[in-house]
Amino acid sequence: MFRTYAPLMLSLALSAPASAWEFAVCADPAGLPYSAQDQSGYDNRIAAILAEELGADLRFVWMPDHRSRTARGFLHDGTCDVVMGVMDGQKGTLTSHAYYRTTYVFLSRDGAVISLDDPSLAGKRIGVPGGARRTTPPSIALMRRGHMAQLVHFGASGTAGETEGEIVDALLSGEIDLAILWGPMAGHLAQDGLSAQPVSPEIDIPFLPMFAALSVGVRPEDEALRDAIDHALAARWDDVQAVFKDAGVPLLHLPQPVLQEEVRQ
């Protein structure tokens with residue numbers, strides 16, 4: 001495990017043969033499309049790319065739930081070294097360069113709605129995850145526009161993707177006319193005949209973003225590990241982005257990190 005002696009371990013690891021140290025990653029064993037016990041999730045695959053570039057043995061630490069506080073607890077007590085998919089700059093973690101930027105999407109049968117300001121929204125039943133205690137940015141934006149009565153809330157589930165699956169089923173059956181889902185989940189669940197369009201505007205006034213940049217999170221003191229991950233992301237950027245394309249994750253533009261040796265030239 002990387003702890004306070006991370007700089008020494010990292011310098012040894014980077015100069016040693018492959019698989020000289022362990023890269024322990026916290027993950028949800030039933031959290032597709034992000035992660036799964038069979039390692040088919042896109043974050044499983046990206047973690048494998050990073051471990052290969054770092055010359056490390058990859059080990060997943062399976063968590064009992066997918067709550068962010070559980071992941072932070074595992075990270076801080078040393079059970080794992082890394083959490084994938086952390087909000088860029090997340091409090092309590094040191095984050096890498098963002099490795100993807102994604103957005104909420106409109107999911108529909110006709111693809112006609114592309115904006116929160118579309119006049120046709122007035123007559124539509126709109127399925128959204130959550131409720132009074134858990135609202136998403138698009139839900140808040142729609143309520144500001146007077147569409148509260150049209151929102152059909154689907155309660156949060158303890159199983160990743162279960163709520164979103166119910167929303168997609170409701171859309172396919174005609175129970176709702178439109179769904180708004182987080183992009184990676186929409187890409188994972190969308191079926192033939194459904195269209196996914198990024199929610200616009202990207203930022204609702206005064207400041208309500210419909211997107212997020214996601215990073216790799218490490219313990220605040222593990223700067224050496226964070227720097228090594230940044231280097232690995234820069235070196236394998238195209239491979240990482242290919243994983244997202246294969247998984248159908250809707251992406252917004254994100255600058256490619258620059259290798260430090262290129263900066264010094």
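Residues numbered from 1 in each chain as written. Predicted model: local features only at pLDDT ≥ 70, side-chain atom pairs only at ≥ 80, totals over all residues. Heavy atoms only, no water.

Caption draft 1: Just unusual backbone geometry, in detail. Note that the residue after Ser200, namely Pro201, is joined by a cis bond; omega there is 0°. Counting through the fold element by element, Pro201 comes out in the loop between strand 11 (195–198) and strand 12 (203–204). Ile205 connects to Pro206 through a cis peptide bond whose omega is 5°. Inspection of the secondary structure puts Pro206 in the loop between strand 12 and strand 13 (208–209). Of note, Gln39 is a non-glycine position whose phi angle comes to about 65°, a positive value. Here Gln39 shows up in the loop between strand 3 (35–36) and helix 2 (42–54). Owing to a relative accessible area of 41%, Gln39 belongs among the partly exposed residues under this scheme. (Helix = DSSP H or I, 4+ residues; strand = E, 2+ residues; numbered from the N terminus. Buried < 20%, exposed > 50% of the residue type's maximum accessible area, 1.4 Å probe, protein only.)

Caption draft 2: Inspection of the state of the cysteines at higher detail. Inspection of the entire model under this criterion finds 1 disulfide. The disulfide partner of Cys26 is Cys80, and the S-S distance across this bridge is 2.1 Å. Its S-S torsion of approximately -100° makes the covalent link between Cys26 and Cys80 left-handed. Here Cys80 lies in the loop between helix 3 (68–76) and strand 5 (82–87) and Cys26 lies in strand 1 (residues 22–27), a separation of 54 residues in the sequence. (Disulfide = S-S within 2.5 Å.)

All quantities given are derived from atomic positions and should not be read as evidence of function.
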